[in-house]
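# A look at the structure
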Amino acid sequence: MPAETVGTWDVIVWGVFPYFMLAILVGGLIWRHKYDQFGWTTRSSQLYESRLLRIASPLFHFGILAVIVGHVVGLIIPKAWTDAVGVSQNFYHFNALLVGGIAGIGTLGGAALLIYRRRTTGPVFAATTKNDKMMYVVLVGAIVFGLATTVISVFEADHTHNYRETVSPWFRSVFLLQPDIASIAAAPLTFKIHTLVGMALFVIWPFTRLVHALTAPIHYLFRPYIVYRGRDKQPASPTSATQRRGWSDVGTSDNAKD
Amino acid sequence: MRVMAQMGMVMNLDKCIGCHTCSVTCKQAWTNRAGTEYVWFNNVETRPGQGYPRRYEDQETWKGGWTRTKSGRLKLKAGGRVKKLFGIFTSPVQPELKDYYEPWTYDYKTLIDAPAGDDFPVARPKSLITGKDTDITWSANWDDNLGGVHELGHLDPIVEAVRRESNEKIKFEFEKTFMFYLPRICEHCLNPSCMASCPSGAIYKRVEDGIVLVDQDKCRGWRQCITGCPYKKIYFNHKTGKAEKCTMCYPRLEIGLPTVCSETCVGRLRYLGLFLYDADLVGAAAATENEQDLYEKQLELILDPNDPMVIAEARKQGIPEDWLDAAKRSPVYALAKIYKVALPLHPEYRTMPMVWYVPPLSPVVDLLRDQGHDAEGAGTLFGAIEELRIPVEYLAELFTAGDTSKITEVLRKLAAMRSYMRGIALGQEPDASIPAAVGMSEEELYEMYRLMAIAKYEDRYVIPQAHREQAHDLEEMGCSLDFDDEVGMYENSPFGEASGTPTPVAIETFNALRDRQTSGEAPSADSLRGRVNLLNWDGTGAPEGLFPTKHQHQGEPK
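About the criteria used
- Residues numbered from 1 in each chain as written.
- Chains lettered and ligands numbered in written order.
- Predicted model: local features only at pLDDT ≥ 70, side-chain atom pairs only at ≥ 80, totals over all residues.
- Heavy atoms only, no water.
- Helix = DSSP H or I, 4+ residues; strand = E, 2+ residues; numbered from the N terminus.
- Buried < 20%, exposed > 50% of the residue type's maximum accessible area, 1.4 Å probe, protein only.
- Contact = heavy atoms within 4.5 Å.
- Areas by Shrake-Rupley, 256 points an atom, 1.4 Å probe, with all protein chains shown as cover.
- Pairing = 2+ DSSP bridges.
- Patch = residues over 30% accessible without salt bridge, like charges linked within 9 Å, V, L, I, M, F, W, Y side chains within 5 Å.
- Salt bridge = Lys/Arg side-chain N within 4 Å of Asp/Glu carboxyl O.
- Lys, Arg positive; Asp, Glu negative; His and termini not counted.
- Charge placed at Lys NZ, Arg CZ, Asp CG, Glu CD.
- Buried area = accessible area lost by both parts, 1.4 Å probe.
- Polar contact = N/O pair within 3.5 Å; in protein donor to acceptor, adjacent residues only side chain to side chain.
- Core = buried A, V, L, I, M, F, W, Y, C linked by side-chain atoms within 4.5 Å.
- Phe/Tyr/Trp six-rings, centres within 6.5 Å; stacked < 30°, edge-to-face > 60°.
- Lys NZ or Arg CZ within 6 Å of the ring centre and 35° of its normal.
- Expected span 1.5 Å × (residues − 1).
- Disulfide = S-S within 2.5 Å.
- Axes fitted to C-alpha atoms, helices over the stretch in contact; angles between N-to-C directions.
- Parallel < 35°, antiparallel > 145°, perpendicular 65-115°, else oblique.
- Left-handed = near helix turned anticlockwise from the far one by under 90°.
- Nonpolar A, V, L, I, M, F, W, Y, C, P; charged D, E, K, R; others polar.

### Considering the overall build of chain A
- Looking only at helices and strands, one finds nine helices and one strand in chain A.
- For chain A, the N- to C-terminal ordering of α and β elements is α-α-α-α-α-α-α-α-α-β.
- When the 258 residues of chain A are sorted by exposure, 42% land in the buried category.
- Within chain A, contacts between residues at least 6 apart in sequence are counted, and of these 81% link residues at least 24 apart.
- Summed over all atoms, the accessible surface of chain A reaches about 14,500 Å², with 70% contributed by carbon and sulfur.

### Regarding the pairing of strand E1 (residues 3-12) of chain B
Residue and element names in this part refer to chain B.
- Burial runs high along E1: ten of the ten residues are buried.
- Every second residue of E1 is oriented toward a common face, with Val3, Ala5, Met7, Met9 and Met11 on one face and Met4, Gln6, Gly8, Val10 and Asn12 on the other, all of them buried.
- Bridging between E1 and strand E12 (residues 270-278) involves nine bridges; their strand directions are antiparallel. Bridging across to E12, Gln6 finds its partner in Phe275.
- The pairing of E1 with strand E14 (residues 355-358) spans four bridges and is classified as parallel.

### Description of a positive patch on the surface
- Judged by side-chain charge, Arg119, Lys130 and Lys133 of chain A together with Lys132 of chain B come together as a positively charged surface patch.
- Within the fold, Lys130 of chain A resides in helix H6 (residues 130-155).
- We classify Lys130 of chain A as exposed; its relative accessible area is 75%.

### With respect to the interface of chain A and chain B
- Chain A puts 52 residues into the contact, and the matching count from chain B is 69 residues.
- Taking both partners together, chain A and chain B bury about 5,500 Å²; carbon and sulfur atoms supply 57% of that area.
- By the criterion of area lost to chain B, the three top residues of chain A are Leu47, Tyr225 and Arg231 of chain A, representing 17% of everything that side buries.
- Measuring nitrogen to oxygen at the nearest pair gives 2.9 Å for the salt bridge that ties Asp215 of chain B to Arg229 of chain A.
- Scanning the region where chain A abuts chain B turns up 29 residue pairs in polar contact (both at pLDDT 80 or more).
- Per element, the largest residue contribution to the side of chain A that touches chain B is seven residues, and it comes from helix H2 (residues 51-76) of chain A.

### With respect to the nonpolar core
- One finds Tyr38, Trp356 and Phe399 of chain B to be the most contacted residues of the largest nonpolar core, which totals 158 residues.
- Looking at this core element by element, the count peaks at nine residues for helix H20 (residues 404-425) of chain B.
- In this structure, Phe399 of chain B is in contact with Leu13, Leu182, Leu343, Pro344, Leu345, His346, Pro347, Tyr357, Pro359 and Ile407 of chain B, ignoring residues within four places of it in sequence.
- Of all hydrophobic cores here, the second largest spans 21 residues; its members include Leu25, Phe60, Val197 and Ile204 of chain A.

### Quick notes on the pattern of salt bridges
- Evaluation of the coordinates by the stated rule reveals 27 salt bridges over all chains.
- The partner of Arg209 of chain A in a salt bridge is Asp132 of chain A, and the shortest N-O contact between them spans 3.2 Å. Separated by 77 residues along the polypeptide, Arg209 of chain A in the loop between helix H9 (189-204) and strand E1 (228-229) and Asp132 of chain A in helix H6 bring together distant segments of the chain.
- Of the residues examined, Arg209 of chain A reaches a relative accessible area of 11% and is grouped as buried.
- Owing to a relative accessible area of 1%, Asp132 of chain A belongs among the buried residues under this scheme.
- Members of the salt-bridge network, linked through shared partners, are Glu45, Arg47, Glu57, Asp156 and Arg184 of chain B.

### Some words on the sheet that holds strand E9 (residues 212-214) of chain B
- What the three strands build is an open sheet, ordered E1(A)-E8(B)-E9(B); its pairing is mixed. Both outer strands of the open sheet, E1 of chain A together with E9 of chain B, are each paired with one neighbouring strand and no more.
- Across three bridges, strand E8 (residues 203-206) of chain B lies against E9 of chain B in antiparallel orientation. The residue bridging Tyr204 of chain B from the neighbouring strand is Leu213 of chain B, located in E9 of chain B.

### Examining the packing of aromatic side chains
Residue and element names in this part refer to chain B.
- For the structure on display, the rule yields 25 aromatic pairs over all chains.
- Consider the rings of Tyr357 and Phe399, whose centres lie 5.7 Å apart with planes at 35°: the pair is tilted. With Tyr357 in strand E14 and Phe399 in helix H19 (residues 389-399), the pair connects residues that are 42 residues apart, well separated along the chain. With respect to class, Tyr357 is no different from Phe399; both count as buried.
- Every member of this aromatic cluster is reached through a ring pair, and the members are Tyr38, Phe41, Tyr52, Tyr100, Tyr101, Trp104 and Tyr235.
- Residue placement shows Lys27 over the ring face of Trp40; its charged tip is 5.0 Å from the ring centre.
- Directly above the aromatic system of Phe382 lies the positively charged group of Arg412, at a separation of 4.5 Å from the ring centroid.

### Comments concerning H9 of chain A
Residue and element names in this part refer to chain A.
- Relative to the 22 Å expected for 16 residues at 1.5 Å per residue, H9 spans 23 Å between its end C-alpha atoms, a close match to the ideal helical length.
- When we look at burial in H9, the residues that qualify are Phe191, Lys192, His194, Thr195, Val197, Gly198, Met199, Leu201, Val203 and Ile204.
- Its buried side turned inward, H9 meets helix H1 (8-35), H2, H6, helix H7 (167-175) and helix H8 (181-185).

### Side note on the state of the cysteines
Residues and elements named next belong to chain B.
- Going through the model one piece at a time under the given rule, you end up with zero disulfides over all chains.
- Free cysteine Cys26: the closest other cysteine sulfur is in Cys249, separated by 6.4 Å.
- The class for Cys26 is buried, based on a relative accessible area of 8%.
- Cysteine Cys246 remains unbridged, with the sulfur of Cys186 as its closest cysteine sulfur at 5.3 Å.
- Here Cys246 falls in the buried class, since its relative accessible area comes to 7%.

### Structural notes on the pairing of strand E2 (residues 43-47) of chain B
Residues and elements named next belong to chain B.
- In terms of burial, E2 is largely enclosed, as five of its five residues are buried.
- Neither face of E2 is exposed, since Asn43, Glu45 and Arg47 on one face and Val44 and Thr46 on the opposite face are all buried.
- In this structure, E2 lies alongside strand E7 (residues 180-184), joined through five bridges in antiparallel fashion. Note that in E7 the partner of Asn43 across the bridge is Arg184.

### With respect to the side chain of Lys27 of chain B
Residue and element names in this part refer to chain B.
- Along the chain, the position of Lys27 falls in helix H1 (residues 21-30).
- Buried charge without a salt bridge: Lys27, with Glu37 as the nearest opposite-charge side chain at an N-O distance of 7.1 Å.
- When neighbours within four sequence positions are excluded, Lys27 is seen to be in contact with Asn32, Thr36, Glu37, Val39 and Trp40.

### Overview of the packing of H6 of chain A against H9 of chain A
Residue and element names in this part refer to chain A.
- Put simply, H6 and H9 touch, their axes get as near as 9 Å, and they point 155° apart. Judged by the inter-axis angle, H6 sits roughly antiparallel to H9. Crossing hand, H6 versus H9: left-handed. Within the contact between the two elements, H6 uses Met134, Met135, Val138, Leu139, Gly141, Ala142, Phe145, Gly146, Thr149 and Ile152 and H9 uses Thr190, Phe191, Ile193, His194, Val197, Gly198, Ala200, Leu201 and Ile204.
- Broken down by class, the residue content of the contact of H6 with H9 amounts to 13 nonpolar, six polar and no charged.

### Side note on the packing of H2 of chain A against H7 of chain A
All names here are of chain A.
- Taken N-terminus to C-terminus, the directions of H2 and H7 make an angle of 85°; their axes are 8 Å apart at the nearest point. The pairing of H2 with H7 is recorded here as roughly perpendicular in orientation. When H2 is examined against H7, the residues Gly74, Leu75 and Ile76 are found in contact with a partner set consisting of Val167, Ser168, Phe171 and Arg172.

### Topic: unusual backbone geometry
Residues and elements named next belong to chain B.
- For the peptide bond that leads from Arg47 to Pro48, omega is -5°, which places it in the cis range.
- For Pro48, the position within the fold is in the loop between E2 and helix H2 (59-62).
- In this structure, His346 is a non-glycine residue whose phi angle is positive, near 50°.
- For His346, the position within the fold is in the loop between strand E13 (343-344) and E14.
- In this structure His346 comes out as buried when scored by relative accessible area, which is 1%.

Right under this line is the structure:
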């Protein structure tokens, strides 16, 4: 790619912002893990409602897991490798669109159902924080724009943009500390928006309930059923020094503490 | 042999009057917080009745506890590890709020804030979940006493089971037959299925005393434990998104105090003490093929604290001497293993529960009295226990997986104790044939009477304290050396008096009290760093600082 196509904004957005995002993501996660174990939870709302959740939640979660696998394949494995094992571009693209499209629609459908449930079920909506609402906007934004790239490439079958020649090299180059800004600068707008919203999602990730994804309990498959543990050596009593985040009182004005 | 200590509880159901004091004090102590409005670590159920949450004993619906596979291995009833993991996005059989109830409060403020009008203001019920107006339709003890048995008794899963196995005519007389109370806390099982269900490994059994706890920092809210526990004694705090459960008041037990539910029990029906058990055999015992053998197998796990081999092994495992001594004097060991009158609740769940129950004789006695018999006579009682099949069958479904012979055995012992001691109380010659009829000596029966009927405080609660070497960890602060006994030593924070860590209440009160006792005058404001401790104020004069002073320099503290 000729260097002239790279503008100042391109450098900021594709050369600087990714590292900013990574710093916030990694630093934020370390901070949250260290200081807010108590807040690290799925905050499940199944106690309030489970009829819709039973359909929506697995649809969304299994969908997004498939989407993640798709992203890993699309972004990390270079085109040269798939070419080398004889996978033609058309075949690859067809599969990516088909599987990615199904997973994306499932994810979006699941998310839409979840949001509908969240808005219409009284207790669930009452338990929705501002943080949750903001997170939903960004999350759904990332999914919608992601799906848009797929849908657009279905309808523009002739001159399909090959993201494996623009976005993917840039993605890999970020981790090699030599961001290939020119590559992504050549990508169409939908891909750029999707990537940007995606990065925004990673920026807010450590500070939302999304962190529960990072403690997926895979070790459950390997641990013994019965867990023995000695008594805590340093009890955190409510009168003692470090006041950590914890249980709160039932809120009535006449028994508020202090 | 791996000897471990387990804090256990026995409840004598004959004494429970269903007053719910245990539930209320427990709630005040532990679950009067946001997100736990519907949570009752301790609840009292009227049986026959549905329980809390409704019909929790119906494991075909709720999938709690363990099952034995054809190959003889234990498996969670809700499925193996992989199946459980696939279910974390939405737990397939978790009870919803409607299976518990929607907690509420009343809009009391209207009563005093409402403008003058023609109508009396009313305090409307408000949901504690949504904050909106709500209709009260159910609660944790809605079908209490006779409030529900007549209409709702048939929904009791145990009633269903008894009816399946008994003849038809029971159906029509059933509701009139009997009623008793069943207080329930977490069972602190030896083989807990909640723990086995937890994907995060956040639920653990304490090595020292076997208390089952949820690590609030490690729990991620996957809520599998709620399905896993067949007693539904793990609750989901819907505000924090974490599982919570009965802690057996471990902070109290550690300093030798009984649990709140025990301490406040009006009927004094609870016993607390240690079991020593062989942890290596738990799995095999829980996998016993015949459900009705599970009670016996559970008894076999419990070791004799007077056996020198057990003592030697326990010492090797590091169990302290005072704990071994407490195990010898343990009332729960006596009731469960020596007298064999305490039974585990639903052994067929294969979790090896450690809260045991002495089944109630009262329904039998009440029936006899109503029929005009001498309800306390040994002959009448013994005969009636065999005859009155219905209560026995019901109790058997609760405590022995349906084996009525074991229930009969226990009830006969209780009946023997009653009539033998009645004879003595009436000044008759003690009738040695009564204890002999239940295979006990007169001395044994008298000892059992002491423990169950006299039930002195120090006999009911034999609670060894957390071991002394670790005792200072249990104090208010991490390290007592930070706080010298000199007045003023705690004013050493680098950024002024309000900075740094707060002084523990005990230290502050101690210093203030000593100051008052030695100085001969009311505590001065400076010794309390600008605050007034009314706990030490004996009413003479007004201590300095009780009222705001005009800006005056008080001088340096001593």
